[in-house]
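# A structural walkthrough
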Amino acid sequence: MSDKDTPNVGRRKFLGFAGTAAATAMAGCGGGGGTDTDGEQNMDDTDTPTDSGGDGGDDTPTERPEPETRDGYLQRANRRAHDQSPWVFLNRQYSVYGKSADIEWEARADEFIDAYEISPATDSGDDVVINQSSMDSGLDPQDHRETPTDNIVLQAYEGLLDRDREGGIVNKLATDYSRIEDGLIRFQIRSNVSFHSGDNLTPEDVAYSINRIVDPDTGIASPQQDQLAGVTGAEVVDGERAVDVMSEGLNPIVFSLFASYGPIMNKSWVEANENSYVNQNIDGTGPFVLETYEQDVQVVFNRNDNYWREAAEISSLTVTASSEASTRVNSLLSDESDIIVNVPPQEVSRIENNDGTSISAVPSTRVIFNAMRYDVEPFDSAEFRQAVNYAIDLESIIENVLDTFGDPTAQPTLDGFFGYNGDLDPYPYDPDEAEALVEASGYAGVEVELHTPVGRYLNDVEIAQAVAGYLDDLPNVTASVNQRDFSALASEVTDGNLETNPHWYLLGWGNETFDASQTLIPLLTSDGNLTSWSDEEFDRLISEAQSLPSEQ
Amino acid sequence: MSYGRFLLKRGLQGVVVVWGVISIVFLLRFITPGSPVDAVAPLDASPELRQRIAEELGLDQPLYVQYLDYLWELLQGDMGYSYISGIEASQIVVTKLPATIELAVVSSLVAITLSIPLGVISATRRHQPADYGATTFSLVGISTPNFWLGIMLVLLLSVEFGLFPTSGRAFGFVEAFRIMTAQGVSAGADAMFQWARHIVLPAITLGTYFTALITRLTRSGMLEELGQSYVQATRAKGLPESLIRYKHVLRNTLIPIITVLGLQLGTLIGGAVITESVFSWPGLGTTLINAINARDWPILQASLIVIGAGFVIVNLVVDAVYASLDPQVVAE
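Residues numbered from 1 in each chain as written. Chains lettered and ligands numbered in written order. Predicted model: local features only at pLDDT ≥ 70, side-chain atom pairs only at ≥ 80, totals over all residues. Heavy atoms only, no water.

Per an unreviewed UniProt entry, chain B is named ABC transporter permease, and its organism is Halolamina litorea. Database annotation for chain B, UniProt heading Subcellular location (unreviewed entry): "Cell membrane". For the record of chain B, the UniProt heading Sequence similarities (unreviewed entry) holds the text "Belongs to the binding-protein-dependent transport system permease family." (UniProt positions renumbered as here; feature names shortened; annotations may be inferred.)

If you look chain A up in an unreviewed UniProt entry, it shows as ABC transporter substrate-binding protein from Halolamina litorea. UniProt's Sequence similarities (unreviewed entry) comment on chain A is quoted here verbatim: "Belongs to the bacterial solute-binding protein 5 family."

Bringing the interface of chain B and chain A into the picture now. Contact residues are listed per partner, giving 38 residues for chain B and 42 residues for chain A. Taken over both partners, the interface formed by chain B and chain A buries close to 3300 Å², and the fraction arising from carbon and sulfur atoms is 51%. It is L43, D44 and R52 of chain B that lose the most area in chain B upon contact with chain A, and together they represent 21% of the buried surface on that side. Our count for the contact surface shared by chain B and chain A stands at one salt bridge. Here R295 of chain B ties to D485 of chain A by a salt bridge, and the two come within 2.4 Å at their closest N and O atoms. Scanning the region where chain B abuts chain A turns up 12 residue pairs in polar contact (both at pLDDT 80 or more). Of all the secondary structure elements, the ones that give two or more residues to the side of chain B that touches chain A are helix 2 (37-40), helix 3 (47-56), helix 5 (89-124), helix 7 (146-160) and helix 12 (273-278) of chain B. No other element matches the six residues that helix 3 of chain B contributes to the side of chain B that touches chain A. Here the residues of the side of chain B that touches chain A sort into 19 nonpolar, 12 polar and seven charged. (Contact = heavy atoms within 4.5 Å. Buried area = accessible area lost by both parts, 1.4 Å probe. Salt bridge = Lys/Arg side-chain N within 4 Å of Asp/Glu carboxyl O. Polar contact = N/O pair within 3.5 Å; in protein donor to acceptor, adjacent residues only side chain to side chain. Helix = DSSP H or I, 4+ residues; strand = E, 2+ residues; numbered from the N terminus. Nonpolar A, V, L, I, M, F, W, Y, C, P; charged D, E, K, R; others polar.)

Time to look at the UniProt feature "domain: Solute-binding protein family" (unreviewed entry) in chain A. Sequence positions flagged by UniProt for "domain: Solute-binding protein family" (unreviewed entry) are, in local numbering, residues 169-529 of chain A. Secondary structure content for residues 169-529 of chain A is 29% helix and 25% strand, while the C-alpha to C-alpha distance between its ends is 27 Å.

Structure representation (structure tokens):
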């Protein structure tokens with residue numbers, strides 16, 4: 001079902017020597033026409049395998065030569081995190097879809113269902129219905145940021161850049177982009193693009209859209225403000241069909257951010273309408289035009305025949321939602337839906353055993369982990385934290401709890417992301433080692449409690465119970481699970497105050513930028529918004545990485 | 001006490017109840033852990049962005065200010081705006097309420113037309129096969145959880161036989177009716193057909209418990225009344241048995257049934273949450289669940305206020321009907 005069935009060693013070796021280049025191609029803008037920095041990127045790790053830890057057992061970073069590239073620093077940071085274990089490293093989640101034989105479609109890692117990529121496979125595949133777990137939270141693409149909403153609004157709105165199915169950056173409303181200097185990038189804006197209302201796309205629309213997100217005086221308190229991190233504003237370049245975007249500092253992943261965030265809206269349309277109207281109507285440039293919007297019920301799109309690319313292959317697209325997984329599955333089985341999202345493991349066989357439907361699963365960008373606060377007993381001991389990692393049988397959790405819809409991870413950064421360290425292996429299941437490390441940490445006999453949200457992530461409670469169960473099996477630790485409401489747990493973790501965090505908690509983290517920094521900085525640096533850890537060496541590595549341009 | 005004063009008193013009591021609902025729901029927001037800002041802001045949002053969102057939503061004001069503002073705006077008919085979508089709460093509730101009322105009314109109609117004859121037959125043919133059939137049905141109906149029944153109906157009738165859609169609502173009854181007047185009988189008939197196909201399974205799911213309950217009530221009420229001395233008196237006067245049963249006995253049996261009907265109709269409006277969820281029925285129940293998941297308090301408050309007010313109104317109507325059937329109620 002997944003590549004985890006192939007021997008990990010072989011794959012990691014390959015990645016260690018050649019795969020970082022591949023990782024760059026996936027994460028970076030290789031195909032995007034970018035003229036950013038060094039074209040001979042990312043050779044240092046292949047030239048100096050010791051840099052990314054090719055020597056395995058040696059985990060004293062000071063004995064390695066300093067990395068030379070951003071990728072090298074991020075890989076080193078991942079090694080540091082692996083060795084110091086601020087987390088119980090768990091797994092990468094899979095996105096599991098049910099699909100009708102009426103259409104041809106492949107899932108993407110970032111969970112966005114791009115209806116433009118859907119082709120009819122039979123006569124009844126021309127009008128496609130997607131059934132997801134919830135509807136949009138409003139149609140203003142700059143006011144919201146979560147997958148169900150994206151799956152609706154981004155059929156009609158487009159950004160400057162976009163991603164292909166593997167996560168690589170591609171041009172959308174920009175025809176070219178380049179770094180002028182540190183903190184200043186320039187986008188060339190595509191001509192002959194019109195909004196659904198008929199207005200032509202201008203650089204003013206682009207500059208306005210970016211400012212609406214990042215500039216409190218222009219726009220709204222957009223949740224995307226922090227996702228276009230460091231971007232301070234945009235302005236039209238005199239005499240050119242181009243827009244300059246300013247950032248604080250270098251902003252190494254700025255193109256990656258624009259490939260995921262910052263959809264472009266029609267300035268005059270937004271300014272002429274109330275917020276409530278903008279949230280119930282669409283004036284985008286994308287391949288589908290809004291036909292009807294019934295809030296919380298369904299959204300119907302028709303093909304945009306004046307689209308700047310070839311018109312989409314399907315003629316209409318309907319998005320509906322059923323919060324009950326079994327309702328979604330039933331709607332697929334009775335041919336009312338063509339794609340359903342979030343198929344739970346127990347429903348997989350019903351779909352596979354039915355004629356005309358199949359499962360489409362893809363590794364997502366989300367990682368599931370258990371954070372351990374470095375400042376409280378017993379988690380202030382690196383030995384204890386490592387012991388927890390040795391104590392759990394991760395393969396068994398993935399096999400039995402997740403029905404193999406997950407990949408083990410040994411670091412916060414996922415395989416294929418920029419900064420992934422291909423030489424790290426998950427901690428093996430070794431209860432004896434775990435027991436010895438608990439003794440060595442001086443915390444033998446301790447009681448710990450794992451806080452987990454209920455129903456937020458696929459089988460989250462079951463994963464937490466398995467982890468606590470394995471730890472509890474050690475003769476010198478007692479572990480239990482505390483089931484929490486997600487929002488309450490999130491409030492404690494996100495309030496910027498480490499002392500309000502539970503000592504040990506399960507969380508998931510999606511990273512749409514395909515770059516290690518978007519996980520490492522908020523979750524593990526000393527001043528990250530959701531951090532549970534403080535480590536000088538780790539902070540230094542990240543800070544070095546962020547001072548270098550990305551090799552993208 | 002006159003009939004008018006009785007109604008006025010009940011009306012005022014209703015207003016107090018609704019005010020209580022408003023206040024409790026409002027206070028719940030403050031004792032519920034987690035802030036609504038978490039629903040709006042992404043997990044990695046900076047404290048500054050959280051602060052700005054809180055200000056934009058008016059959450060930085062003291063509790064009493066927010067409460068008084070909210071009451072004042074409610075008095076003017078303004079239920080606030082969704083934290084998530086920015087859409088007016090009253091607009092959302094008004095567009096969702098018809099689907100829920102439709103479902104509740106259709107379930108009740110089905111239940112009443114089935115249960116009262118069933119109950120009468122059961123009582124008048126006591127210890128005969130019809131009675132055993134009806135009592136077995138009501139026992140099963142009362143014991144079956146409706147979400148399970150809904151899923152089973154879908155599996156059997158929708159997925160297996162393809163007779164009904166698995167979920168959703170194509171038209172409202174009013175829209176279907178409008179189509180009929182605007183586009184002619186055949187388009188209208190088609191719309192009505194679509195409407196009916198979609199509502200059958202949710203209505204059965206929601207109405208089964210109700211049907212079973214009223215069947216039992218009718219049966220026991222009839223049996224009790226049939227044993228009364230006035231029945232023997234009317235029999236002795238030589239009135240035909242059918243007249244005794246339907247004019248006298250059933251009429252007296254109906255009084256407690258109307259009370260239960262009223263209460264249950266309120267429950268159906270509020271309690272359709274699970275059924276709506278199973279069938280993705282776009283009503284107030286689904287809206288309520290979504291609002292809870294999203295911590296969208298204005299929508300949550302608006303939905304609960306409407307459900308609470310619905311209960312109060314239904315009870316008022318029941319009291320009014322009850323009082324007109326039994327003048328002793330007014331006197332008490």
